[in-house]
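Overview (structure and organization)
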Amino acid sequence: MNAETRSEIFNRLLKKIPNPTTELNYSTAFELLVAVTLSAQATDKSVNKVTDELFPLANTPEAIYELGEDTVRNTIKTIGLFNSKAKHIVQACKILIDKYDSQVPETRKELEALPGVGRKTANVVLNTAFGHPTIAVDTHIYRVANRTAIASGKTVLEVEKKLVKFIPDEYRVPAHHLMILHGRYTCKARSPLCSECILLDLCEYEEKNL
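Described in the following lines is the structure provided in the data block. All values derive from a computational prediction rather than experimental measurement.

What to know about the environment of arginine 119
On the secondary structure map, arginine 119 appears in helix α8 (residues 119–130). Take arginine 119: its relative accessible area is 35%, and that puts it in the partly exposed class. The spacing of arginine 119 and phenylalanine 55 is 64 residues in sequence and 24 Å in space, taken between C-alpha atoms. With sequence-adjacent residues up to four places away left out, arginine 119 is seen in contact with Arg108, Glu112, Leu157 and Glu160. Of the polar contacts made by the side chain of arginine 119, one reaches the side chain of glutamate 160; its length is 2.8 Å.

Below, the structure written as structure tokens:
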């Protein structure tokens, strides 16, 4: 796939989705950090239900740390891995309080040093909260990148590096959410809506569902 085609793909996606953003509910960088930490192996919908209960109780590092691991665990127990997530969130709060004046750091290295925060979570926070041109490759982005041939790769990291390299500069920031939303609602895993897709003539997927 050449640069002109990639540019046209993102141009079309941005026209269809003019304000691409996360479907997680949040109002601060810290709330986003918590929500994304909770979203591992969980749907955005299930995370939003949990944070709709948690954030009115506590939505700052101090408040969640004071709330304590037991209360956090009980509040988020409807989502997967709630035990480890509660532990990591409270531990991260303590570090944010002690080391960062309760602010979410704005570098990948500092974010990945927090408990429960891996490369994917760090990329989401950097992109969504701070507007960095990072790509957090989840299952949707991995699928869309490979199917369309925007950036083919056998591993998540390989796809991420190619996307960062190949996506035109003007689309680097919105590309993350454009691809997620396209994968979630059009380029679905089992039954992609190829006949309705605005990228049909540009996509290199050989098994189009027409």
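Following the structure, the description resumes.
A short note on the pattern of salt bridges
Applying the stated criterion to the full structure yields 10 salt bridges. Lysine 94 is paired through a salt bridge with aspartate 98; the nearest N and O atoms lie 3.4 Å apart. One end of the pair, lysine 94, and the other, aspartate 98, are both in helix α6 (residues 82–100), 4 residues apart, so they sit about a helical turn from each other. Residue class for aspartate 98 comes out exposed when judged on its relative accessible area of 52%. The salt bridge partner of glutamate 160 is arginine 119, with a shortest N-O separation of 2.8 Å. With glutamate 160 in helix α10 (residues 156–166) and arginine 119 in helix α8, the pair connects residues that are 41 residues apart, well separated along the chain. A network of salt bridges, in which partner residues are shared, links Glu8, Arg12 and Asp201.

Section: empty space enclosed by the protein
If you roll a probe as big as a water molecule over the atoms, it shows you where there is empty space left. Scanning all chains against the criterion turns up 2 cavities of 30 Å³ or more. For the largest cavity, the calculated volume is near 100 Å³. For the largest cavity, the lining is made up of 14 residues, of which His182, Cys187, Cys194, Cys197 and Cys203 are closest to its centre. Grouping the amino acids of the lining of the largest cavity by side-chain chemistry returns 9 nonpolar, 3 polar and 2 charged. Phe30, Leu33, Val34, Thr37, His88, Ile89, Ala92, Cys93, Pro115 and Val117 are the residues that line the second largest cavity.

So, how was this worked out
Residues numbered from 1 in each chain as written. Predicted model: local features only at pLDDT ≥ 70, side-chain atom pairs only at ≥ 80, totals over all residues. Heavy atoms only, no water. Helix = DSSP H or I, 4+ residues; strand = E, 2+ residues; numbered from the N terminus. Buried < 20%, exposed > 50% of the residue type's maximum accessible area, 1.4 Å probe, protein only. Contact = heavy atoms within 4.5 Å. Polar contact = N/O pair within 3.5 Å; in protein donor to acceptor, adjacent residues only side chain to side chain. Salt bridge = Lys/Arg side-chain N within 4 Å of Asp/Glu carboxyl O. 1 Å grid on protein atoms, 1.4 Å probe; cavity = no way out; pocket = protein on both sides within 12 Å on 5 of 7 lines; lining within 4 Å. Points joined across faces, edges and corners; volume = space filled by probe spheres on them. Nonpolar A, V, L, I, M, F, W, Y, C, P; charged D, E, K, R; others polar.

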